[in-house]
Amino acid sequence: SQTIHQWPATLVQPVGSPLSLECTVEGTSNPNLYWYRQAAGRGLQLLFYSVGIGQISSEVPQNLSASRPQDRQFILSSKKLLLSDSGFYLCAWSPGVGEKLFFGSGTQLSVL
Amino acid sequence: EDQVTQSPEALRLQEGESSSLNCSYTVSGLRGLFWYRQDPGKGPEFLFTLYSAGEEKEKERLKATLTKKESFLHITAPKPEDSATYLCAVRAFNAGNMLTFGGGTRLMVKP
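A brief report on the enclosed structure follows. Because the structure is predicted, anything quoted here is derived from the model rather than measured.

So, how was this worked out
Residues numbered from 1 in each chain as written. Chains lettered and ligands numbered in written order. Predicted model: local features only at pLDDT ≥ 70, side-chain atom pairs only at ≥ 80, totals over all residues. Heavy atoms only, no water. Pairing = 2+ DSSP bridges. Helix = DSSP H or I, 4+ residues; strand = E, 2+ residues; numbered from the N terminus. Axes fitted to C-alpha atoms, helices over the stretch in contact; angles between N-to-C directions. Buried < 20%, exposed > 50% of the residue type's maximum accessible area, 1.4 Å probe, protein only. Contact = heavy atoms within 4.5 Å. Phe/Tyr/Trp six-rings, centres within 6.5 Å; stacked < 30°, edge-to-face > 60°.

**Notes on the sheet that holds strand β7 (residues 65-70) of chain A**
All names here are of chain A. The strand order across the open sheet built from 4 strands is β1-β3-β8-β7, with neighbouring strands paired in antiparallel fashion. Each edge of the sheet is formed by a strand with only one pairing partner; in this case those strands are β1 (3-7) and β7. When the angles between neighbouring strand axes are averaged without regard to direction, this sheet yields 20°. In terms of strand pairing, strand β3 (residues 19-26) meets strand β8 (residues 73-78) through 6 bridges, oriented antiparallel. Bridge pairing in β8 links L19 to S78.

What follows is the structure, encoded as structure tokens:
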């Protein structure tokens, strides 16, 4: 069966520090991969998605970037965090375009 | 622009008190409507996908229905373990990989 791993679960970082969140999927090949952000009490916002290695689409211009160095690995990064980057970050995968998403357990990021 | 509005924002029920959650949507051609359950501090868990008006899906105490403008998540005789935030999302035919999520309904079921 397929599983998705996301870490760390919680992270507290100072303003201006770098960020790296990692997500890996097991049990499937060539998944579509996604990074979402969920602000407190608000809906999920799609940040990036990828349909293959090295292929990244950005939905929202921001202080973040994403990379897909391997088929089942998706990384969310920032060179310098802002206070507004605080939130709950979720990685997800789907078998193909238009299909249901399977989410990771999330990372609660607090930028102080 | 695709829009999804969920109501109410929060709902308190007594155990066994049935109710419905609403998801109103505006999309240029619905490709699919998705319901998710999210527990505090966790990622959303997939519940249902609905594709066309009139379609219904059931799972235990939950039943999801779909019309051309909205979807309902009916909860029959809820239990405290049904307490969670329920999220609705839509995908339009011209949206590619984009899912538009509503703000969610936080359900609290008291024993």
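**Observations regarding the environment of B:V90**
Residue and element names in this part refer to chain B. Tracing the chain through its elements places V90 in strand β9 (residues 84-92). On the basis of relative accessible area, V90 is assigned to the buried category, the value being 1%. Spatially, the C-alpha atom of V90 lies 9.5 Å from that of L50, the residues being 40 residues apart in sequence. When residues no more than four places from it in sequence are discounted, the contact partners of V90 are V4, Y25, V27, L30, G32, L33, M98, L99 and T100.

**Here's the deal with the packing of aromatic side chains**
Throughout the structure, instances matching the rule amount to 10 aromatic pairs over all chains. Ring plane angle 25° and centroid distance 5.0 Å describe the contact between A:W93 and A:F102, whose orientation is recorded as stacked. For A:F102, a relative accessible area of 29% gives the class partly exposed. Here A:F103 and B:F101 contribute two aromatic rings whose centre-to-centre distance is 6.3 Å and whose plane-to-plane angle is 70°, an arrangement assigned as edge-to-face. Residue A:F103 is found in strand β10 (residues 102-103), and its partner B:F101 is found in strand β10 (residues 100-101); the two belong to separate chains. Both residues of the pair, A:F103 and B:F101, count as buried. Put simply, the rings of A:Y34, A:Y36, A:Y49, A:F103, B:Y36, B:F46 and B:F101 pair up and form one aromatic cluster.

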